[in-house]
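Residue-level listing of the chains:
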Amino acid sequence: MKALITGGAGFLGSHLAERLLEKGDEVHVIDDLSTGSIENIESLKGRAAFHYTIETIMNEPVLAELVDRADVVFHLAAAVGVRLIVESPVNTIETNVHGTEKVLKLANKKRKKVVLTSTSEVYGKADTVPFREDGDLVMGPTSKGRWSYACSKAIDEFLALAYHKEKRLPIVVARLFNTVGPRQTGRYGMVIPNFVKQALLGHPLTVHGDGTQTRCFTYVTDVVGQLVALSEDPGAVGEVFNVGNDREEITILQLAERVKTRASSESAIELVPYEKAYEEGFEDMQRRVPDLSKLRALTGYEPRVQLDEILDRVIAYFTSDATRL
Ligand code: UDP
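Here the residue numbering is sequential within each chain, running from 1 through the sequence in written order. Only residues with pLDDT of at least 70 are given local features in this predicted model, and only at 80 or more are side-chain atom pairs given and counted; all residues enter the totals for whole chains, interfaces and linings. The basis for the side-chain values is all heavy atoms of the structure; hydrogens and waters are excluded.

*Asks:* Sorry if this is basic, but what is going on with the site of the ligand here?
*Replies:* What surrounds the ligand is a group of 19 residues, the closest being Thr206, His208, Arg215, Asp284 and Arg288. N or O atoms within 3.5 Å of each other form a polar contact, as long as, within protein, one can give a hydrogen and the other can take it, and as long as residues adjacent in sequence are counted only when both atoms are side-chain atoms. Arginine 146 is positioned such that a nitrogen or oxygen atom in its side chain is 3.3 Å from an oxygen atom of the ligand. A distance of 2.5 Å is found between an oxygen atom of the ligand and a side-chain nitrogen or oxygen belonging to arginine 215. Surface exposure here means Shrake-Rupley accessible area, sampled with a 1.4 Å probe, where a residue is shielded only by the protein chains that are shown. A total of 510 Å² of accessible area belongs to the ligand in isolation, and the protein chains cover 93% of it. Secondary structure follows DSSP: runs of H or I at least 4 residues long count as helices, runs of E at least 2 residues long count as strands, and numbering of each begins at the N terminus. Of all the secondary structure elements, the ones that give two or more residues to the shell around the ligand are helix H7 (191–201) and strand E8 (205–208). Among the residues making up the shell around the ligand, the classes are represented as eight nonpolar, six polar and five charged. Put simply, a residue is near a molecule or strand once any heavy atom of it comes within 4 Å of that molecule or strand. Nonpolar residues are Ala, Val, Leu, Ile, Met, Phe, Trp, Tyr, Cys and Pro. Charged residues are Asp, Glu, Lys and Arg, and all others, Gly as well, are polar.

What follows is the structure in structure tokens.
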């Protein structure tokens, strides 16, 4: 198989590239390095079956050629990270909406399967945890920038599903829940790399709000395994799946304590109001837990790596190279 990964030099994309190469696929990556990095794909560059193009997916002629050569397109290129989204809303909306439009249009021309990575953000403020794929999406007002991310990804989902319904394009939508692991940077606001860096540097761990909001964290290799499984299973076509880990729902305050323990850190924990961390009127999700029954029924998925091990691996990633801190 020949796979194209848009955003393949990103945290998730580079792990997916690794997995596909391991299973014998030819892998092409397109990435503009806006949030990805060459370092992420450094170890893959020497492999004969690995190819990369540093370019934006907005460059349609380049993207068209890459799509033509692929059997399947994993569309990961997107604006990600709550901090980035709050700071660059125009770029977020344009990248997420126009980028996906181009990928789907070009894939449709040549009838190529597309695996679209969406996000649990689309559930918005829904409080019906665990979130089921057929549950309602509850957004805040358009004046609150955070929701533009959820809405842009929801539009992507609508468009992918529309291509399937109207044009029979084989698509699969994966809604990813707080994916973490080595190579994820704290630069765009993600909590685990931020806490780990803070703990290792002896800086205070910055818990936003009162820290009672909860998340479930999924290890990146569990996620890429499911992206591959979904790409291969004919039963996944035209469907939306949650991909996450439902074993441990943890409050962000408990997470800060846990990171300190695993990193043997003496750091303090500091509560930072949302308006200081992001912007005035910022709205967070209070709980986010996936319902994985649909995914389990199809692929037999069980998340393999649990929170303590996830934290240990992220800690090892940062301690193995001081320049990452
Ligand atoms: N968070 C935090 N401190 C940080 C970064 C994030 O308390 O330094 C909080 C954030 O406000 C949210 C949770 O941790 O409630 C998860 O944030 P992240 O950006 O990792 O993912 P999200 O679930 O918001 O997409």
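Past the structure itself, the notes keep going.
*Asks:* I tried to follow the pairing of strand E1 (residues 2–6) on my own but got confused; where do I start?
*Replies:* Within a regular strand, the side chains alternate between the two sheet faces. Within E1, four of the five residues are buried, leaving the element largely enclosed by the surrounding structure. Remark: the E1/helix H1 (residues 11–22)/strand E2 (residues 26–31) crossover connection has right-handed handedness. Here four bridges tie E1 to strand E4 (residues 72–75), and the two strands are oriented parallel to one another. Looking across to E4, one finds that threonine 6 is bridged to histidine 75. Note on classification: 1.4 Å probe, protein chains only; a residue is buried when its accessible area is under 20% of the maximum for its type, exposed when over 50%, partly exposed between these limits. Handedness of a crossover is defined as follows: with both strands directed away from the viewer, a clockwise route from the first strand across the helix to the second makes it right-handed. By this definition, two strands are paired if DSSP reports at least two bridges between them.

*Asks:* How should helix H5 (residues 89–110) be read in this particular structure?
*Replies:* Residue pairs spaced three or four apart in an α-helix point in one direction, given the helix's 3.6 residues per turn. Between the first and last C-alpha of H5 there are 32 Å, a value that for 22 residues agrees with the 32 Å anticipated at 1.5 Å per step. Along H5, the residues that are buried comprise Thr92, Thr95, Asn96, Val97, Gly99, Thr100, Lys102, Val103, Leu104, Leu106, Ala107 and Asn108. Of the residues one or two after H5, arginine 111 is the one with positive phi, at around 55°. Given a helix with a known number of residues, its expected span is that number minus one, times 1.5 Å.

*Asks:* Explain the nonpolar core to me, please; I cannot follow it from the model alone.
*Replies:* Generally speaking, soluble globular proteins have nonpolar side chains that are buried together. Core analysis: the largest hydrophobic core is formed by 33 residues, its most contacted members being Ile5, Leu12, Leu16, Phe74 and Leu227. At the level of elements, E1, H1, E2, E4, strand E6 (171–176), helix H8 (220–232) and strand E11 (239–243) are the ones that each hand at least two residues to this core. Contacts were defined at the residue level, with two residues in contact if any of their heavy atoms lie within 4.5 Å. Ignoring any residue separated from it by four or fewer positions in sequence, one finds phenylalanine 74 in contact with Ala3, Leu4, Ile5, Thr6, Leu16, Leu20, Val115, Leu227 and Ser231. Nonpolar cores are built from buried Ala, Val, Leu, Ile, Met, Phe, Trp, Tyr and Cys residues. Side-chain atoms within 4.5 Å join them into one set. Phe195, Ala199, Phe217 and Ile252 belong to the second-largest nonpolar core, a separate cluster that totals 23 residues.

*Asks:* Got a minute to help me understand the pattern of salt bridges in this structure?
*Replies:* Where charged atoms of side chains with opposite charge meet at close range, the side chains can pair. For this analysis, a salt bridge means a side-chain nitrogen from Lys or Arg found within 4 Å of a carboxyl oxygen belonging to Asp or Glu. As enumerated under the stated definition, the model contains 29 salt bridges in all. Note that glutamate 60 is salt-bridged to lysine 105, the shortest N-O span being 2.8 Å. Of this pair, glutamate 60 sits in helix H3 (residues 60–69) while lysine 105 sits in helix H5, and the two are 45 residues apart along the sequence. With relative accessibility at 24%, the residue glutamate 60 sits in the partly exposed group. A salt bridge links glutamate 157 to arginine 175, with the nearest nitrogen and oxygen atoms 2.8 Å apart. Of this pair, glutamate 157 sits in helix H6 (residues 146–167) while arginine 175 sits in strand E6, and the two are 18 residues apart along the sequence. For glutamate 157, a relative accessible area of 4% puts it in the buried group. The exposure class of arginine 175 is buried, given its relative accessible area of 5%. Each of Glu121, Arg146, Arg215, Asp284 and Arg288 takes part in salt bridges that share partners, so that together they form one network.

*Asks:* Help me out: how do you make sense of the packing of H5 against H6 in this one?
*Replies:* The relative placement of two packed helices comes down to the angle between their axes together with the axis-to-axis distance. Convention adopted: a line fitted to C-alpha atoms gives each axis, helices being fitted over their contacting stretch, and angles between N-to-C directions are expressed from 0 to 180 degrees. Direction vectors running N to C along H5 and H6 enclose 15°, while the axes themselves pass 9 Å from each other. One finds that H5 runs roughly parallel with respect to H6. Read as a crossing pair, H5 and H6 show a hand that is right-handed. On H6, the residues that touch Thr92, Ile93, Asn96, Val97, Thr100, Glu101, Leu104, Lys105 and Asn108 of H5 are Ser148, Tyr149, Ser152, Lys153, Ile155, Asp156, Leu159, Ala160, Tyr163 and Lys167. Of the residues in the contact of H5 with H6, the class split is eight nonpolar, six polar and five charged. Angle categories: roughly parallel below 35 degrees, roughly antiparallel above 145, roughly perpendicular from 65 to 115, and oblique for all the rest. Crossings are classed by handedness, with left-handed meaning an anticlockwise turn of the near helix from the far one by less than a right angle and right-handed meaning a clockwise turn.

*Asks:* What am I meant to see in the environment of arginine 83 here?
*Replies:* Here arginine 83 is to be found in helix H4 (residues 82–87). Under the relative-accessibility criterion, arginine 83 is labelled partly exposed at 24%. Along the sequence, arginine 83 and proline 61 sit 22 residues apart, while their C-alpha atoms lie 31 Å from each other. With sequence-adjacent residues up to four places away left out, arginine 83 is seen in contact with Arg187, Tyr188, Gly189, His208, Ala277 and Tyr278. Engagement of the side chain of arginine 83 in a polar contact is seen with the backbone oxygen of alanine 277, the distance being 3.5 Å.

*Asks:* Would you take a moment to explain the packing of aromatic side chains for this structure?
*Replies:* Centre distance and the angle of the planes are the two values used to describe a pair of aromatic rings. For this analysis, a ring pair means two rings from Phe, Tyr or Trp (six-membered ring only for Trp) whose centres lie within 6.5 Å, classed as stacked if their planes differ by under 30 degrees, edge-to-face if by over 60, and tilted for the remaining angles. Per the stated rule, a full pass over the model turns up six aromatic pairs. Relative to phenylalanine 318, the ring of tyrosine 317 lies with its centre 5.2 Å away and its plane at 75°, an arrangement referred to as edge-to-face. The exposure classification of tyrosine 317 matches that of phenylalanine 318, with both residues buried. Among the aromatic residues, those joined into a ring-pair cluster are Tyr123, Phe131 and Phe177. Seen from the ring of tryptophan 147, arginine 146 lies directly overhead, with NZ or CZ sitting 6.0 Å from the centre. Sitting over a ring, as applied to charges here, requires NZ of Lys or CZ of Arg to be within 6 Å of the ring centre and within 35 degrees of the ring normal.

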